[in-house]
Amino acid sequence: MLVTLKEILAIAEERKIAVGSFNTPNLASLRAILAAAEELNQPVILMHAQIHEEMGLCTMEEVAPIMLTAAKKASVPVCVHLDHGTDVDYVKRGLELGFTGVMFDGSALPTEENFAKTKEVVTLAKETGASVEAEIGSMGSREGGNAGDMDNPESIYTDPDAAKRFVDETGIDALACAFGTVHGLYLKEPKLDFARLEKIDSLVSVPLVMHGGSGVSEEDYRRVISLGVAKINYYTYMAKAGAEAINGKTFGQYHEIVKAATEAMKADVAKAIRVFSGLK
Ligand code: 13P
């Protein structure tokens, strides 16, 4: 069933779990994610990332109706979310298409501009009933980039006091914060700043979101969930699992490639959902 971001995060908070939030740049990934969530009977967030469209994958207009139809038919709560919308017009188009959650990512903007544009998105989302996630501090690299190449990452981590002011003044429903994870493949083991996360959680009233969720240890997933993270964004390692299922093999027909990759992505997503949901 289709639900808003706020509704699905309330389920997560009540159950003390994190909802897995996975990107859907094509039908294979969407089907893999939903099959895993339904099999495990867990809520899930489907995300269209603006950057995937920029990389030549599905456009928002192509994929949103498919995401929404699938979410409505699903046996588990599903939020249809826009991931890293970096311009207000794009987010507005997403709201018009029916996304039930949108992320406005103004993290690369000067602080006051991030505040102003995030407020604008919150006002727009009220008209459709969608919920808003936004980010303060920065992850350093966006999807498609490789992690571990930053000189001084702490300098761009989320500042707890700034996070409180951001949430209070903008009225967002979920806060994406930077505390050591990064998008893409990890070139060195992530070192998460748990003290910073704990401080943010103590000051901020809304659920927290961890981006760059691929490649984090099971122990660290559990720890961030105990410190207020209710949504974990995860894509790179599921896409890697899909590639590994076909690399070096020979297939007679294209649909066999899609099937093998879908099954491998489903297995990887199921593994992630199990950990995020505290399942054995
Ligand atoms: P990964 O690249 O670590 O899978 O993170 C995905 C993400 O955060 C999407 O917003």
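Residues numbered from 1 in each chain as written. Predicted model: local features only at pLDDT ≥ 70, side-chain atom pairs only at ≥ 80, totals over all residues. Heavy atoms only, no water.

**Regarding the nonpolar core**
Argument step 1. By size, the foremost hydrophobic cluster in this structure holds 74 residues, and its most contacted members are Phe22, Leu175, Val224 and Phe276.
Argument step 2. Apart from residues no more than four positions distant in its own chain, Phe22 is found in contact with Ile33, Val44, Ile45, Leu46, Met47, Tyr234, Met238, Val269, Ala272, Ile273 and Phe276.
Argument step 3. Ranked by size, the runner-up nonpolar core spans 15 residues in total, among them Ile17, Met47, Met103 and Ala174. (Core = buried A, V, L, I, M, F, W, Y, C linked by side-chain atoms within 4.5 Å. Buried < 20%, exposed > 50% of the residue type's maximum accessible area, 1.4 Å probe, protein only. Contact = heavy atoms within 4.5 Å.)

**Let's talk about the packing of helix 6 (residues 111–128) against helix 7 (residues 160–170)**
Argument step 1. Axis separation between helix 6 and helix 7 bottoms out at 9 Å; the angle between their running directions is 35°. Once helix 6 is placed against helix 7, the crossing between them reads as right-handed. The segment helix 6 lies against helix 7, with Thr111, Glu112, Asn114, Phe115, Thr118, Lys119 and Val122 engaging Ala162, Arg165, Phe166, Glu169 and Thr170.
Argument step 2. Classifying every residue of the contact of helix 6 with helix 7 gives four nonpolar, four polar and four charged. (Axes fitted to C-alpha atoms, helices over the stretch in contact; angles between N-to-C directions. Helix = DSSP H or I, 4+ residues; strand = E, 2+ residues; numbered from the N terminus. Left-handed = near helix turned anticlockwise from the far one by under 90°. Nonpolar A, V, L, I, M, F, W, Y, C, P; charged D, E, K, R; others polar.)

**Description of helix 7**
Argument step 1. Every buried residue of helix 7 is listed here: Pro160, Ala163, Phe166, Val167 and Thr170. Relative to the axis of helix 7, the buried residues are bounded by an arc of 115° and lie together on one face.
Argument step 2. In this structure, the buried residues of helix 7 make contact with helix 6, strand 6 (131–136), strand 7 (174–177) and helix 8 (194–203).
Argument step 3. Following helix 7 by one or two positions, Gly171 has its phi on the positive side, about 75°. (Arc of directions from axis to C-beta.)

**Topic: the pattern of salt bridges**
Argument step 1. If you walk through the whole model with that rule in mind, you get 12 salt bridges.
Argument step 2. A salt bridge links Lys117 to Glu113, with the shortest nitrogen-to-oxygen separation between them at 3.0 Å. Here Lys117 and its partner Glu113 are both found in helix 6, four residues apart, which amounts to about one turn of the helix.
Argument step 3. A relative accessible area of 32% means that Glu113 is categorised as partly exposed.
Argument step 4. Between Lys231 and Glu133 there is a salt bridge, with the nearest N and O atoms lying 2.7 Å from each other. With Lys231 in strand 9 (residues 229–234) and Glu133 in strand 6, the pair connects residues that are 98 residues apart, well separated along the chain.
Argument step 5. According to the relative accessible area criterion, Lys231 is buried, its value standing at 0%.
Argument step 6. What makes Glu133 buried here is its relative accessible area of 0%.
Argument step 7. Linked by salt bridges that have partners in common, Glu112, Arg165 and Glu169 make up one network. (Salt bridge = Lys/Arg side-chain N within 4 Å of Asp/Glu carboxyl O.)

**Here we look at the site of the ligand**
Argument step 1. Of all residues adjacent to the ligand, which total 15 residues, the nearest are Asp83, Gly212, Ser214, Tyr235 and Thr236.
Argument step 2. Between the ligand and His183, the relevant distance is 3.1 Å, taken from an oxygen atom to a side-chain nitrogen or oxygen of the residue.
Argument step 3. Within the backbone of Gly212, a nitrogen or oxygen atom sits 2.8 Å from an oxygen atom of the ligand.
Argument step 4. When the free accessible area of the ligand is taken as 310 Å², the share hidden by the protein chains comes to 99%.
Argument step 5. Elements that contribute at least two residues to the shell around the ligand include exactly strand 4 (78–85) and strand 9.
Argument step 6. Across the shell around the ligand, the residue classes break down as three nonpolar, 10 polar and two charged. (Near = heavy atom within 4 Å. Polar contact = N/O pair within 3.5 Å; in protein donor to acceptor, adjacent residues only side chain to side chain. Areas by Shrake-Rupley, 256 points an atom, 1.4 Å probe, with all protein chains shown as cover.)

**Quick notes on the environment of Asp159**
Argument step 1. Summarising the element assignment, Asp159 is placed in the loop between strand 6 and helix 7.
Argument step 2. Along the backbone, Asp159 and Val224 are 65 residues apart, and their C-alpha atoms lie at a distance of 17 Å.

**Points about the pairing of strand 5 (residues 101–104)**
A regular strand places its side chains so that they alternate between the two faces of the sheet.
Argument step 1. Where burial is concerned, the two faces of strand 5 agree: the one with Gly101 and Met103 and the one with Val102 and Phe104 are both buried.
Argument step 2. Direction of pairing for strand 4 relative to strand 5: parallel, over a ladder of three bridges. Bridge pairing links Leu82 to Val102 in strand 5.
Argument step 3. This β-α-β element, strand 4 to helix 5 (residues 88–97) to strand 5, shows right-handed connectivity.
Argument step 4. One ladder, built from four bridges, connects strand 5 with strand 6; its direction is parallel. Bridge assignment links Met103 to a residue of strand 6, and that residue is Glu133. (Pairing = 2+ DSSP bridges. Right-handed = clockwise from strand over helix to strand, strands pointing away.)

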